[in-house]
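Remarks on the overall topology
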Amino acid sequence: MVTGIRNSVWLYRAGFVAIALVLLFLRLLPLGSVAGDWPRPDFLLCLMLAWVTQRPDQLPTWLIALVVLVEDMVLMRPPGLWAAIVVLATEFLRARSALTRELGFVTEWLLLSVVMVAMLLAYRLVFAIAFLAQPGFGFAFAQTIGSILMYPAVVWGMRVLLHLRKPGAGEVDAKGRRI
């Protein structure tokens, strides 16, 4: 049986949307936007990938797609392209949630690093096929490296602040289904 409001899936989903809106708002602020600065890591991407890796049952695909589509619209990116890539990446990780449960953190981090680089390459490949202008590869790669390096901090924050952890072997949800 579900014990208390802390285990409510809808509470975690609302918390995810609130955190995503705060991160999007902070991304829109002109903080440190001097030419030549290092690009900021994509904290929202780190949050989504970490959440799907830690608790795939609490973050549905439709919510990820909706949040990233809103982000596409606000940041004036091609609508749906990044959302589709993020949904594919999160579903790839969701399908391997049993595997990542057994892996150590370093191996999980390596898997997420490969997924983030693949997402970058897929995004740039679509831009190249469509002959769209895109920022330099070094800038985009530096942002991806920053996101990879921030992933452990995001996972730590999720565990400490949100009390999200990987489900244990044999753990079941409120309806008795294996997680």
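In what follows, the accompanying structure is described. (Residues numbered from 1 in each chain as written. Predicted model: local features only at pLDDT ≥ 70, side-chain atom pairs only at ≥ 80, totals over all residues. Heavy atoms only, no water.)

1. A word on the packing of helix α3 (residues 61–74) against helix α4 (residues 81–95)
Two measures define how a pair of helices packs: the angle their axes make with one another and the distance between the axes. For clarity, the cut-off: Axis geometry follows a simple rule: fit a line to the C-alpha atoms, using only the stretch in contact for helices, then measure angles between N-to-C directions, giving values from 0 to 180 degrees. Helix numbers and strand numbers start at the N terminus; a helix is a DSSP run of H or I with at least 4 residues, a strand a run of E with at least 2. Working rule for angles: under 35 degrees goes down as roughly parallel, over 145 as roughly antiparallel, 65 to 115 as roughly perpendicular, anything else as oblique. By convention the crossing between two helices is left-handed if the near helix lies anticlockwise of the far one by an angle smaller than a right angle, and right-handed if it lies clockwise. Whether two residues are in contact is decided by their heavy atoms, any of which lying within 4.5 Å being enough. Amino acids are sorted into nonpolar (Ala, Val, Leu, Ile, Met, Phe, Trp, Tyr, Cys and Pro), charged (Asp, Glu, Lys and Arg) and polar (every other residue, Gly among them).
Their axes nearest at 8 Å, the elements α3 and α4 cross at an angle of 150°. Compared by their axis directions, α3 and α4 come out roughly antiparallel. For α3 against α4, the interelement crossing comes out right-handed. Within the contact between the two elements, α3 uses T61, I64, A65, V68, L69, E71 and D72 and α4 uses L81, W82, A83, V86, V87, T90, E91 and R94. For the contact of α3 with α4, the residue count by class is 9 nonpolar, 2 polar and 4 charged.

2. Notes on the side chain of E108
The following threshold applies: Three labels apply to residues, based on accessible area from a 1.4 Å probe with only protein chains included: buried if under 20% of the type maximum, exposed if over 50%, partly exposed otherwise in between. Nitrogen and oxygen atoms within 3.5 Å of one another constitute a polar contact, given that in protein one can donate a hydrogen and the other can accept it, and given that sequence-neighbouring residues count only through two side-chain atoms.
As for its placement among the helices and strands, E108 is situated in helix α6 (residues 105–129). Taking relative accessible area as the criterion, E108 reaches 1% and is therefore assigned buried. Here the side chain of E108 touches Y151 through a polar contact of 2.6 Å, side chain to side chain. With residues near it in sequence (within four places) discarded, E108 still touches T53, Q54, T100, L103, Y151 and K166.

3. Let's talk about the packing of helix α1 (residues 9–28) against α3
Following both chains from N to C, one finds α1 and α3 inclined at 15°, their axes separated by 11 Å at the closest point. Our classification of the angle between α1 and α3 gives roughly parallel. Of the two elements, α1 crosses α3, and the hand of that crossing is right-handed. On α3, the residues touching W10, R13, F16, V17, A20, L24, R27 and L28 of α1 are W62, L63, V67, V70, E71 and V74.

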